[in-house]
Amino acid sequence: MKLVFTKSNLNKAVGIVMKAVPTRTTMNILECILIDATTNEIKFTGNDMELGIETIVEGEIIEKGKIAIDAKLFSEIVRKLPDNDITLTTDSNNNALITCEKSKFNIAGKSGDDFSYLPAIIKDKMITLSQFQLKEVINQTIFSIAINDNNKMMTGELFEVNEGTLKVVGLDGHRIAIRNIKLEGRSDDVRVVIPGKTLQEISKILNADAESFVNIYFTNNHVLFEFDQTMVVSRLIEGEYFRIDQMLNSDYDTKLTVNKKEMLSCIDRTTMLIKDSDKKPIIIGITDHSMEVKLNSAYGSMKEELAIDKRGKDIMIGFNPKFLIDALRVIDDEMINIYMINPKAPCFIRNDEGTYIYLILPVNFNVY
């Protein structure tokens, strides 16, 4: 096999498929990138058996063939080569010669026949949305999922399509993030749970172009994303997702409207007095026309007042400041509505259109 690439095209392709290469595995072949030029296209593939990525790479095929090359080593070599055309040549013993200007690397590869190809996906149920929409909806919810897998379902996000609306939900037991998007074009009804790792890696690949689209196909066990000459296939998380509707109470005793940027800046300032090991909550006191934010930690204390518009009862309630910051950062509205019932019940940040809902559980606190 003999292929020629520009460095930018090769670097971009390697960066895309590297996201599906496992950091640890007992199967050495999965530590490789498959380079397949047996047809008239050059395809790069990474596959950790849970997440697989295949992308078509622009390049010149002088001699056809395929090989599996250690992904980490290949990535490092490509990244550090001069900014010029790169030639990849292989021999019958699966040795790879990589040349660029006066640089030459000779590395051992593996037979491409031993590599696990992506599973074939039946393109039945599907939805289409822009890359901008998908990237945005992931970033607006993914922070709410659980990091560990004590409860596998919490490490993924619900993608539910019903009557042309996509609902994306992430939760970790302390908070819930919900975004609703009205879809255009074909949208089959589905309800699946996609691993958070898959969505995080896709978000890194997507561009912010509202004119470029992603086709998403669903089967009982897999989801397939197609965009920009790239395919991402992932296993779904099996099981029944949490019934969150019963958690979304529309009742409230206190409603306040506040400037989002001012509230975010205020709460962000409190974190200067909190270390990672410190679980100190912020205390928010709501009275007529005023929100008082207080924090008292081993490093000092802080108090700040914000102007608000309030309806209903006064309330004093405690929160993990990080949970509020995460939600506020991804809301674009200048003014936001916050709904509360009592110091033990969840608070809701939501807009009148219902395009976003953030539920945050309060924490216990000592009055000071």
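Before reading further, recall that the structure is shown in the block above.
Computed from a prediction, not measured in an experiment: that's the story for all the values here. (Residues numbered from 1 in each chain as written. Predicted model: local features only at pLDDT ≥ 70, side-chain atom pairs only at ≥ 80, totals over all residues. Heavy atoms only, no water.)

Caption draft 1: Expanded view of the packing of helix H3 (residues 131-139) against helix H4 (residues 196-205). Here H3 crosses H4 at 135°, and the two axes come no closer than 9 Å. Between H3 and H4, the crossing angle belongs to the class labelled oblique. At the point where H3 passes H4, the crossing takes the left-handed sense. Of the residues in H4, those touching H3 at Leu 134, Lys 135, Ile 138 and Asn 139 are Leu 199, Ile 202 and Ser 203. Across the contact of H3 with H4, the residue classes break down as four nonpolar, two polar and one charged. (Axes fitted to C-alpha atoms, helices over the stretch in contact; angles between N-to-C directions. Helix = DSSP H or I, 4+ residues; strand = E, 2+ residues; numbered from the N terminus. Parallel < 35°, antiparallel > 145°, perpendicular 65-115°, else oblique. Left-handed = near helix turned anticlockwise from the far one by under 90°. Contact = heavy atoms within 4.5 Å. Nonpolar A, V, L, I, M, F, W, Y, C, P; charged D, E, K, R; others polar.)

Caption draft 2: Structural context of unusual backbone geometry. With a phi angle near 60°, Gln 229 is a residue other than glycine that sits in the positive phi range. Relative to the assigned elements, Gln 229 resides in the loop between strand S16 (222-227) and strand S17 (230-235). Unlike most non-glycine residues, His 289 shows phi in positive territory, near 65°. The class for His 289 is exposed, based on a relative accessible area of 59%. (Buried < 20%, exposed > 50% of the residue type's maximum accessible area, 1.4 Å probe, protein only.)

Caption draft 3: Representation of the pairing of strand S19 (residues 282-287) in the model. The buried fraction of S19 amounts to five of the six residues, a majority that puts the element mostly inside the structure. Pairing analysis gives five bridges linking S19 to strand S23 (residues 315-319), with the strands arranged antiparallel. If you follow Ile 282 over to S23, its bridge partner there is Phe 319. Alignment of S19 against strand S20 (residues 290-297), held across five bridges, turns out to be antiparallel. Counted as the bridge partner of Ile 286 is Met 291 from S20. Taken together, S19 and the strand that follows it, S20, pair antiparallel across an intervening segment of two residues, in which His 289 is found at a positive phi of about 65°. (Pairing = 2+ DSSP bridges.)

Caption draft 4: Region of the structure containing H3. Three or more residues of H3 are buried, namely Gln 131, Leu 134, Val 137 and Ile 138. With its buried residues spanning 140° around the axis, H3 presents them on a single face. (Arc of directions from axis to C-beta.)

Caption draft 5: The state of the cysteines, seen in detail. Using the criterion set out here, one finds zero disulfides in the structure. Here Cys 266 stays unpaired: no disulfide links it, and the sulfur of Cys 347, its closest cysteine neighbor, is 15 Å away. (Disulfide = S-S within 2.5 Å.)

Caption draft 6: Main features of the pattern of salt bridges. Within this structure, the stated rule accounts for 21 salt bridges. The partner of Glu 201 in a salt bridge is Lys 204, and the shortest N-O contact between them spans 3.5 Å. Note that Glu 201 and Lys 204 are positioned in helix H4 at a spacing of three residues, about one turn of the helix. Residue Glu 201 is classed as buried on the basis of its relative accessible area, which comes to 15%. Residue class for Lys 204 comes out exposed when judged on its relative accessible area of 56%. Between Lys 310 and Asp 288 there is a salt bridge, with its nearest N and O atoms 2.8 Å apart. (Salt bridge = Lys/Arg side-chain N within 4 Å of Asp/Glu carboxyl O.)

Caption draft 7: Summary view of the sheet that holds strand S5 (residues 60-63). Taken in spatial order, the five strands of this open sheet run S5-S1-S7-S8-S9, and their pairing is antiparallel. Each edge of the sheet is formed by a strand with only one pairing partner; in this case those strands are S5 and strand S9 (103-108). With direction set aside, neighbouring strand axes in the sheet form an average angle of 15°. In the sheet, strand S8 (residues 95-100) pairs with S9 via six bridges, with the strands oriented antiparallel. Bridging from a neighbouring strand, Leu 97 pairs with Asn 106 of S9.

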